[in-house]
Each structure stands twice: as structure tokens, then as C-alpha cells.
Amino acid sequence: MRLQLALLSLRRHRSRTLLAALGVAVSGAMLLDMVMLATGMRESFASLLGRNRFTIRVSPRGTLPFDSEATITNAADAATAIARVSTVTTVAPVLGATLHVLDAGEPVTAFALGVDPRVQGDYELLGGRHPTDPNELVASDALLARLSARLGDTLDVAVGFDPQLGTFAGRRRLLIVGRARFLFLSAGDRAAALQLSTVQAMGGVGRRDRVSLFMVRTAPGADVEAAQAAIERAVPRVTALSIAGAVAEAENRLSYFRQLAFILGAVSLIVGFLLVTTMMTVSVNERIGEIAVMRAIGVSRLHVVHQIVLEGVAISLAGAAVGLVLGIGTARYLNSILRSFPGLPDAIDFFLFQPDSALRAIGLLVMSGIAAGIYPAWRAASLPVAATLREEAVG
Amino acid sequence: MPPSASAERTIAIDERLAADVGLRIGDRVVLATEPGAQRGDTVSIAAIVKRRADPSEVARSDYRIRMHLDHLQRLTGYGDRVDRFSLQTAPDASVDSVVTRVNAAAFGFRAYPSRAIAVETSKTFLVVRRFHRAIGIITIVASATFLLCIMLLKVDERRRDVAAMRLMGVSRATVVRSVLLEASFVALLGSLFGVALGLVTAWFVNTHYQSVYRTPLRFAIVTTETVAISVVLSLLLGIGAGALAARRLARTPPLALFGR
């Protein structure tokens, strides 16, 4: 009955109701986008880091993985020491280098990763097989396309370019045995993965027995923080970083987006609230006489309040439903813009749709709709009935 | 002129490092190129420098130290090498021809004009700019809807006044003009309030992010152009919304406006 009366009242001013719902929809879309932005990057980054179940990254002390050119010396000893930590199950070494492919007329540069193919967690094979021989490599599609090369081709590659002498520290002919998607690089990045020993040997003295980082797996259910501390105790020249630590560091660097999301989300909520409040206030002012009549014939104050609040909730719900669709559309567009950040890993999303985030946004919007209706409803229901009826009849 | 090898070398550190570690001018520190290295160079701090307002460094929390070139070359074992040279050309010189001549004459390195490097390094900020523009467009759409809704409600509130005016013989055009005038006034007042709010917000944003990222960089700048664009835009939106609402009102028969 109350809902029916509320809907009838809204239908009486269709264009006004439609416009208010549209306003709430735009605010709701913005709110949803901002909730998605606030949580999306953290979730997608954590999910990327957690892929392949590597829980700890070990980099040269005081640095973040691949944030500088620093390397871990005496890598073999460090790997053994890390593997001795009781909860550690796998240690995957990684050494980064710039690879020069000399077959093409103009040398083509690519990012090379020296890995242990049996335990690596940096790439996923799209075709072919892992580089099981020291003279083999797997390449990203972008590198293969740039070189017009395919599986089975041999490349003349070099590492350790000295620009002043125009020489390389090491040069080899390597066979392309696989196509790979590099998890921590963008789709357009030219990259290749080789055996760790190959990159170390080609890099010359400066790369001998060195790695850029270790990726470490711990036993399921093991205390990651304790393992992290144990690694740092076992190898004092390294910094061990858990997924939570890496996510916190990334969040710190990109805190701008989280704070922007918070501010714009709050503004959207306030705009939606103001819109429904204004709409309900005007609507109630117009119907003061009608409300006084309802009260005079015995309709309870609570009934009047319920009916007006229901109108606000109905507008908010209708707006939220449209806003949900609108929000997902705009989030995709905004995500496509932010994903064009240079060097951003392909798997990172800034806007991530999560049902609980959507529910949270809709819940906030409906709550603001309820709050927006309460004051005008209570004011209308509290008017002196006789005086209002007399004023309305005369006026 | 580098000092003699026996003299203790001096370095400059940035104010962030000085504040975090509690270092002061005259303090002596040990520099090493490897984390946890057993040996290093003992140097004294000769200066504490302010960081530049460089957007490319803003999200990085690195510490910076500045030292003499020969000192760094020796410490890192880099030999007689540098990462790059920065060249200053005469005011009337053609940068492109200088770059061409350097590239033709030199062996083992390549020259780039500063503007080419600026384009390459500013890609991140171009993405941020595109994102801000997209957010701006969404905000404009939201404001337009909000404004239209408010104008419609404002005009609806005056249904009886307008009906009375029409019944007294006031023309439709006069009614439309009066509503438009009111809309323009509301939009102008709103714009002025918005500009004031924008200035306060920009101050708050700058203060907050300068302290978060510890940089002198200005994150939000309110320019005359920005103010002009926002005032004109909100006036246009306000007048447009008012015109739509006024047209609707003027077309409704006066008795219908009275609810009869």
C-alpha cells in the first residue's frame, strides 16, 4: 500500500522523477567507478603477484625488484641459504638484462630474463616449449613480430653492449623454441626468456654468479612474515618482500589514485544525496495539503514518513540500477586509458568489477536515498494538521 | 678541480634523506655501492639540497646524493665513463643541426634533442591527463543533469506564480526571459562559489600531496583559463537547463499550472 502510494506519487511527475533518477544514476556510476578504482588496483596487483604461488620476492638490500640495476652477488650461495629456510619450498632466480638481436639491419633491443625454466614464474608459454638447452630462448609475440621470426628460427643475440667501444660482453646464436606471455610486462614489450646460466655467461664478469631477484614459494599455510625475516637473517645483503608488502609499496606509489577515488566517490555520494533531498523537499512542499488531509483522516505520522522515504529509496534504486550499467561502461573506458601507462604489466587493472564492491556502492546510494527522504518526510508529517488545512484551503 | 685523493671527499644529500636519517652538514657517512658491503668511502656532508619539482620522481621515495663525478667513477669502478652529457647550445643555434653534427661526428653514443626526451618521458603524464579529462567529462555530464533537475524543480515551484502572471496578461516571452534571468543568476552565483571552492580545494590538494610526496611540485593549478572555461561552461549549462525548464512552463496552460 505504502509502496504503491509512493510509486503513484513519483509517476505524477514523470519527467522530474526520470531526471532525478538519471542524476542519481550518473552519481551512482561515478561512485561505483571510484569504489572499483579504490580496490581494483590492489586486488589485481595482489592476484598478479600471487600467480604461480610465489609468496616472497628477494631483491638486493634496500631495493625493490627491478627498481634499480643492483644485483645480488654470490647468487648460488644466496639461493642455497634461502632454500635452507624451513618453510621455503622453491627458489626461482631471475636475472634481467638488455638483449640485442643483431640479425635485423638495425639491432633490435629486448628485455631478457635469465631464469630456471623448471621453477620460473615470469612467463606463461603460449606455444612451443621451455628453453631447456643453454642455447635456446622463448620470446614474446611483440619481439617475434618485430623480428618477423617464428619458432625454429635462430637469432644472433648479444648482451652487455659497450656504447663507446661498440662491443658486446657476450654474443651467441640462440634457437627460438617457444612463444610466451610475460606476466610482469605489458603486451607490447619486446621480451625473451633464456636460461639463467646463459644470461650470466653472456653478461661477462659483471653478471657472473649474480641475479636481480629470487622468487620464493613457501609451504601452504606457512607464516610468510616469519619466512621473510628468516631469509633476511640468512642473507643479510637482501631485502625480502611479501605480496602484502609489495602491494603496500605499489599502493604508496599510486596513492594518488586511491585518494582521488575517495574524494570523487564522496562528492558523487553528496551530489546524489543533495539531488534526492532537493527533489523530496520540493515534492513534499507541493503536497503539504495532501499530507495534511491524510493525517486528518487518520493516517499515521509513521505511514507518511514511510511513504516519502520509500519515494527517495525508489529513485535511488532506479538510479542505482542504471548507474550500475553506466558505471561498468565508464569503468571499462577509464581502465583502458590507465592501462596505457608505459610499462604497466598486462595483467594489471585499475578498475576491477567485484560484486561486493558494486553492492557496497548501491548500498551507500540507497542509504543516502533513505537519509535524503527522512528530513522532509518528518517535517511534513509533523505539521499541525488543522492550521495546514486552513492555510492550504485559503491559500 | 678535484681535490687530492688523500683529502676527505664531500657530498650533498637531499633534504628527505637528511630528515629521515637525522643527518646534518658536517656529519661523516660511509658510501658503498653494494648493500651490506664491508668497505666503503668515508665522506662528509657538505650540503643539504632541496629536491626539484620533477613530476617523474614524485611517486618514488628514493633518496638522492650528489657527489663529484670523479668520486662516483672511482667508487663504482666505472672508469672514465659517464651516462650522458647535457649540451647547452647558443641561443641562436639550430638544435637539430647540432644534433645531426654530433651524431655524424661521434662514435659510440647518440645525441637527442631535449624536447624528444621530454616527449618520451612525459608519456605517463599524458595518460594521467587523458584520465583527468575523461573524469572531467563525466563530472560535466553529472553537473548538467543535476543542474537541469534543480532548474526543473525550481521552475516547478513557481508554477502558481507563473500561472498568475500569465492570467494577468504577462506574455510567454516575458515568463521565459524571467526564468532565464533567474537561471543565469543562479548559474553565475554557483560558478563564483565553485571558483572559490576550486581555489580552496587546489590549496588543500597541493598542501596534502606536497606533504605526502614531500615535493615542492604543485599538483593543482587554478589558471585564468581554467576559471574562464568553468564559468562559461556552468553559465551555458545553467542557461540551457533554465531555457528547457522555462519552455516547458510557458507551454503549459495557466489553469493547468494552477492545478485546475
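Criteria and thresholds
- Residues numbered from 1 in each chain as written.
- Chains lettered and ligands numbered in written order.
- Predicted model: local features only at pLDDT ≥ 70, side-chain atom pairs only at ≥ 80, totals over all residues.
- Helix = DSSP H or I, 4+ residues; strand = E, 2+ residues; numbered from the N terminus.
- Rg over C-alpha atoms; globule rule 2.2 N^0.38 Å.
- Contact = placed C-beta atoms within 7 Å.
- Nonpolar A, V, L, I, M, F, W, Y, C, P; charged D, E, K, R; others polar.
- Domains from an automatic or database assignment.
- pLDDT = per-residue confidence, 0-100.
- Buried ≥ 20, exposed ≤ 12 C-beta atoms within 10 Å, placed from the backbone.
- Arc of directions from axis to C-beta.
- Axes fitted to C-alpha atoms, helices over the stretch in contact; angles between N-to-C directions.
- Parallel < 35°, antiparallel > 145°, perpendicular 65-115°, else oblique.
- Left-handed = near helix turned anticlockwise from the far one by under 90°.
- Pairing = 2+ DSSP bridges.
- Core = buried A, V, L, I, M, F, W, Y, C linked by C-beta atoms within 7 Å.

Q: So what exactly am I meant to see when it comes to the overall build of chain B here?
A: Regarding its fold elements, chain B presents nine helices and four strands. Walking chain B from its N terminus toward its C terminus, one meets helices and strands in the order β-α-β-β-β-α-α-α-α-α-α-α-α. Scaling as 2.2 N^0.38, a compact globule of 260 residues should have a C-alpha radius of gyration of about 18 Å, whereas chain B reaches 32 Å, well beyond that. Principal-axis analysis of the C-alpha atoms gives chain B an extent of 100 × 50 × 30 Å.

Q: Looking at this structure, I do not really get the interface of chain A and chain B. What am I missing?
A: Often the size quoted for an interface is simply the accessible area lost on bringing the parts together. Between chain A and chain B, the contact holds 35 residues from the first and 26 residues from the second. Contributions of two or more residues to the side of chain A that touches chain B are made by helix H2 (14–50), helix H8 (255–286) and helix H10 (301–338) of chain A. Ranked by residues supplied to the side of chain A that touches chain B, first place goes to H2 of chain A with eight residues. Taken together, the residues of the side of chain A that touches chain B break down into 21 nonpolar, 10 polar and four charged.

Q: Quick question: what am I supposed to make of the domain arrangement of chain A here?
A: Domain assignment breaks chain A into domain 1 (2–48 + 254–394) and domain 2 (62–236). Among the residues making up the side of domain 1 of chain A that touches domain 2 of chain A, the classes are represented as four nonpolar, one polar and one charged.

Q: Quick question: what am I supposed to make of the confidence of the model for chain B here?
A: Scored by pLDDT, chain B comes out at a mean of 82, with 92% of its residues at no less than 70. Of the two predicted TM-score estimates for the complex, the pTM is 0.72 and the ipTM is 0.73.

Q: I would appreciate a short explanation of helix H9 (residues 288–296) of chain A in the present structure.
A: Residue and element names in this part refer to chain A. All of the buried residues in H9 are Ile291, Ala292, Met294 and Arg295. Seen from one end, H9 has its buried residues packed into an arc of 160°, which puts them on one side. Just downstream of H9, Gly298 is the residue with a positive phi angle, here 105°.

Q: Looking at this structure, I do not really get the packing of H2 of chain A against helix H7 (residues 243–253) of chain A. What am I missing?
A: Between two packed helices, the angle of one axis relative to the other and the distance separating the axes together describe the packing. Residues and elements named next belong to chain A. Put simply, H2 and H7 touch, their axes get as near as 10 Å, and they point 140° apart. Looking at the two axes, H2 sits oblique to H7. The element H2 and its partner H7 pack so that their crossing is right-handed. The residues of H7 that touch H2, namely those facing Arg42, Phe45, Ala46, Leu49 and Gly50, are Ile243, Ala246, Val247, Ala250 and Glu251.

Q: What's the story with the sheet that holds strand E4 (residues 65–66) of chain B in this structure? I'm lost.
A: By definition, the strands of a sheet pair up through backbone hydrogen bonds, in either a parallel or an antiparallel sense. Residues and elements named next belong to chain B. Pairing within the open sheet is mixed, and its four strands lie in the order E2-E3-E1-E4. Edge positions in the sheet fall to strand E2 (28–31) and E4, since each of these pairs with one other strand and no more. In this structure, strand E1 (residues 10–14) lies alongside E4, joined through two bridges in antiparallel fashion. Paired with Ala12 across the two strands is Arg66, which belongs to E4.

Q: In this structure, what is going on with the packing of H10 of chain A against helix H5 (residues 123–157) of chain B? I would like to understand it.
A: Running from N to C, H10 of chain A and H5 of chain B cross one another at 160°; their axes reach a closest spacing of 8 Å. The angle between the axes of H10 of chain A and H5 of chain B places the two elements in the roughly antiparallel class. Pair H10 of chain A / H5 of chain B crosses with right-handed handedness. Between H10 of chain A and H5 of chain B, the contacting residues are Thr330, Tyr333, Leu334, Ile337 and Leu338 of chain A on the first element and Val127, Arg130, Phe131, Ala134 and Ile138 of chain B on the second. Residues of the contact of H10 of chain A with H5 of chain B, tallied by class, amount to eight nonpolar, one polar and one charged.

Q: I tried to follow the pairing of strand E7 (residues 167–182) of chain A on my own but got confused; where do I start?
A: Walk down a regular strand and you will see the side chains alternate between the two sheet faces. Residues and elements named next belong to chain A. Across five bridges, the pairing between strand E4 (residues 123–128) and E7 is antiparallel. Note that in E7 the partner of Leu125 across the bridge is Ala180. Note: strand E5 (residues 136–140) against E7, five bridges, orientation parallel. Paired with Glu136 across the bridge in E7 is Leu175.

Q: Quick question: what am I supposed to make of the domain arrangement of chain B here?
A: Under the domain assignment, chain B is made up of domain 1 (10–76) and domain 2 (136–258). Computed over C-alpha atoms, the centres of domain 1 of chain B and domain 2 of chain B are 53 Å apart.

Q: Help me understand the nonpolar core, please; the structure alone is not making it clear to me.
A: Generally speaking, soluble globular proteins have nonpolar side chains that are buried together. The biggest cluster of nonpolar side chains holds 82 residues, and the ones touching the most others in it are Ala20, Leu31 and Val276 of chain A together with Cys149 and Met151 of chain B. Ranked by residue count, the leading element in this core is H2 of chain A, at 18 residues. Those residues within four positions of Val276 of chain A in sequence are excluded, and the remaining contacts are Ala20, Val24, Gly312, Ile315, Ser316, Ser368, Gly369, Ala372 and Gly373 of chain A. With 54 residues, the next largest nonpolar core counts Phe54, Ala79, Leu95 and Leu196 of chain A among its residues.

Q: Please clarify how the environment of Ser242 of chain A should be interpreted in this entry.
A: Residue and element names in this part refer to chain A. Turning to its location among the elements, Ser242 is positioned in strand E10 (residues 238–242). On a C-alpha basis, the gap between Ser242 and Arg12 in space is 59 Å, while along the polypeptide they are 230 residues apart. Not counting residues up to four positions away in its chain, the partners in contact with Ser242 are Thr55, Ile56, Val224, Glu225 and Gln228.

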